[in-house]
Amino acid sequence: MDFALTQEQEAIFDMAKAFGESEIAPNAQAWEKAGEIPKDLWPKLAELGFGGLFVSEDAGGAGLSRLDGTLIFEALSMACPSVSALLSIHNMCAAMIDKFGSDALKAQMLPDVVTMNTFLAYCLTEPGSGSDAAALKTKAVRTDTGYALTGTKAFISAGGYADAYIVMCRTGVDGPKGVSTLIVKDGTDGLTFGGLEDKMGWRSQPTRQVQMDNCEIPAGNLVGDEGKGFSYAMAGLDGGRLNISACSLGAAQAALDKTIAYMGERKAFGKTIDQFQALQFRLADMEIELQAARVVLRQAAWKLDTGAPDATHYCAMAKKFVTEAGSKIVNDCLQLHGGYGYLADYGIEKLVRDLRVHEILEGTNEVMRLIVSRGLLAK
């Protein structure tokens, strides 16, 4: 069993980390206060190949593995998990179009998606359907030219900011078999947005309701086949769960690095606080949990890359374990900073706020436990 990264993977991680340090970290606090990430950031990331990480090379993407992707999101999250997570969502959408879209749809959409001149948002959750996603009510009715789409999506990252929306909607019977996937472009008649949500974390990425009132959607904007949209959404979520786990991992690593440096400078009772054994034990516990989380995440990514039949089971385990470990680590790092950890200047309190939502989105951690337990009982 080989746990080593290849030279190419190490180079990918280093490239992402260097970009984060130079282009994202110095601006993260300002972007949070502004409540928006400048759109000119995305083409810069696209120049590195990060606009279509999982899009095939034939379609102009990078064609990377899911493990490669976790390295990129981990590295970028060391600069800002909010920015990294939004990039993850765009890439999840891009991969869905590449994997399930028609040749005509891919030719129409992917060139601008990969260069990030078109930024994508993912619309599954509704005000009345979160964990029970198959109960969604947004409805698309067949017309002579395509579909008339009506409904409301909630908690949408990049709502009112994205250039196109990947919308899961009902075209048939109740339940998962009646769900399809449509692409709704910004500017479509009947497409409007709710007010900006005032969130605990992820404050640099705008979140709004996405509202559709009899939007006319061309038939060519159907992704894949009618009635298959729920399976497409769930397939995308396996990778999304790995990405968001990587965002927790990178932020936790950054917090631990900051904390070790701080403890080497902060003095109490005549010596630096990194010399107190009780605090050394806390550092050790965080390092152990961080490394365990990294192994769990990379194993799950390997499962997904190799098409293992239990990949969903492992992605769920990774999402639950890594996001909770990340939240615990950054909170412990805040405690070790004392009162300074509570101040925005040190960057730790932002990580605590940003990572909390990772236990909720891409399927709550309660749902992850349900997936894991069902897998066990099915055996």
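See the structure shown above.
These figures come from a predicted structure and were not determined experimentally.

Turning next to the layout of surface pockets. Computed from the structure, the largest pocket encloses a volume of approximately 1100 Å³. At the level of secondary structure, the elements contributing two or more residues to the lining of the largest pocket comprise α5 (81–100), β3 (146–157), α7 (229–263), α10 (348–356) and α11 (365–378).

Turning our attention to unusual backbone geometry. The residue M116 is not glycine, and still its phi comes out positive at about 65°. Along the polypeptide, M116 turns up in the loop between α6 (103–114) and β1 (120–123). Positive phi, close to 60°, is recorded for F155, a residue that is not glycine. Looking at the element boundaries, F155 is found in strand β3.

A separate point is the nonpolar core. By size, the foremost hydrophobic cluster in this structure holds 113 residues, and its most contacted members are I24, L41, W42, L76, Y122 and L149. By residue number, the principal contributor to this core is α7, which donates 15 residues. Residues within four places of W42 in sequence aside, it is in contact with I37, V83, L86, L87, M116, F119 and Y161.

Within the secondary structure, K153 is located in strand β3. Of note is the side chain of K153, whose polar atom sits 3.1 Å from the backbone oxygen of L124. Only 2.9 Å separates the side chain of K153 from the side chain of E126, close enough to count as a polar contact. For K153, the residues in contact, after removing those within four places along its chain, are C123, L124, T125, E126, L136, T138, V167, M168, R208, Q209, V210 and M212.

What follows is about the pattern of salt bridges. Using the criterion set out here, one finds 18 salt bridges in the structure. The partner of R298 in a salt bridge is E74, and the shortest N-O contact between them spans 3.5 Å. In this pair, R298 is assigned in helix α8 (residues 277–305) and E74 in helix α4 (residues 66–77), connecting sequence segments 224 residues apart. Measuring nitrogen to oxygen at the nearest pair gives 3.2 Å for the salt bridge that ties K320 to E324. Highlighted residues: K320 and E324, both in helix α9 (residues 311–336), separated by four residues, approximately one helical turn. Here the residues in one salt-bridge network are E32, E349 and R353, joined through shared partners.

Further remarks concern helix α1 (residues 7–24). Think of an α-helix as 3.6 residues a turn; residues three or four steps apart then line up on the same face. Here α1 is 18 residues long and its end C-alpha atoms lie 25 Å apart, about the 26 Å a rise of 1.5 Å per residue gives. Where the residues of α1 are buried, they touch α2 (28–34), α3 (41–47), α4 and α5.

The next subject is α10. With respect to burial, α10 is a largely interior element, eight of its nine residues being buried. Buried residues in α10 make contact with α2, α5, α7 and α9.

The next subject is the side chain of D238. For D238, the position within the fold is in helix α7. Buried charge D238 goes without a salt bridge, the closest partner of opposite sign being R241 at 4.0 Å. Setting aside residues no more than four positions away along its own chain, D238 makes contact with L304, T312 and C315.

It is worth spelling out the packing of α7 against α10 at this point. One way to put it is that α7 packs onto α10 with a least axis distance of 10 Å and a crossing angle of 160°. In terms of axis orientation, α7 runs roughly antiparallel to α10. When you trace α7 past α10, the crossing you get is left-handed. Here S248, A251, A255 and K258 of α7 lie close against α10, whose contacting residues are I348, L351 and L355.

This part is about the packing of aromatic side chains. Applying the stated rule across the entire model yields eight aromatic pairs. On the numbers, 4.0 Å between centres and 15° between planes, the contact of F100 with Y232 is stacked. Of this pair, F100 sits in helix α5 while Y232 sits in helix α7, and the two are 132 residues apart along the sequence. A centroid spacing of 5.6 Å and a plane angle of 40° characterise the contact between Y165 and F193, whose relative ring orientation is tilted. Pair noted here: Y165 is in strand β4 (residues 164–170) and F193 is in strand β6 (residues 191–193), with a separation of 28 residues, a long-range link. Site record: aromatic cluster; members linked through ring pairs are W42, F119 and Y161. Between the NZ or CZ atom of K39 and the centre of the ring of Y161, over which it lies, the distance is 5.0 Å. Lying over the aromatic face of F54, R66 brings its terminal NZ or CZ to 3.8 Å of the ring centre.

Cut-offs and rules
- Residues numbered from 1 in each chain as written.
- Predicted model: local features only at pLDDT ≥ 70, side-chain atom pairs only at ≥ 80, totals over all residues.
- Heavy atoms only, no water.
- 1 Å grid on protein atoms, 1.4 Å probe; cavity = no way out; pocket = protein on both sides within 12 Å on 5 of 7 lines; lining within 4 Å.
- Points joined across faces, edges and corners; volume = space filled by probe spheres on them.
- Helix = DSSP H or I, 4+ residues; strand = E, 2+ residues; numbered from the N terminus.
- Core = buried A, V, L, I, M, F, W, Y, C linked by side-chain atoms within 4.5 Å.
- Buried < 20%, exposed > 50% of the residue type's maximum accessible area, 1.4 Å probe, protein only.
- Contact = heavy atoms within 4.5 Å.
- Polar contact = N/O pair within 3.5 Å; in protein donor to acceptor, adjacent residues only side chain to side chain.
- Salt bridge = Lys/Arg side-chain N within 4 Å of Asp/Glu carboxyl O.
- Expected span 1.5 Å × (residues − 1).
- Lys, Arg positive; Asp, Glu negative; His and termini not counted.
- Axes fitted to C-alpha atoms, helices over the stretch in contact; angles between N-to-C directions.
- Parallel < 35°, antiparallel > 145°, perpendicular 65-115°, else oblique.
- Left-handed = near helix turned anticlockwise from the far one by under 90°.
- Phe/Tyr/Trp six-rings, centres within 6.5 Å; stacked < 30°, edge-to-face > 60°.
- Lys NZ or Arg CZ within 6 Å of the ring centre and 35° of its normal.

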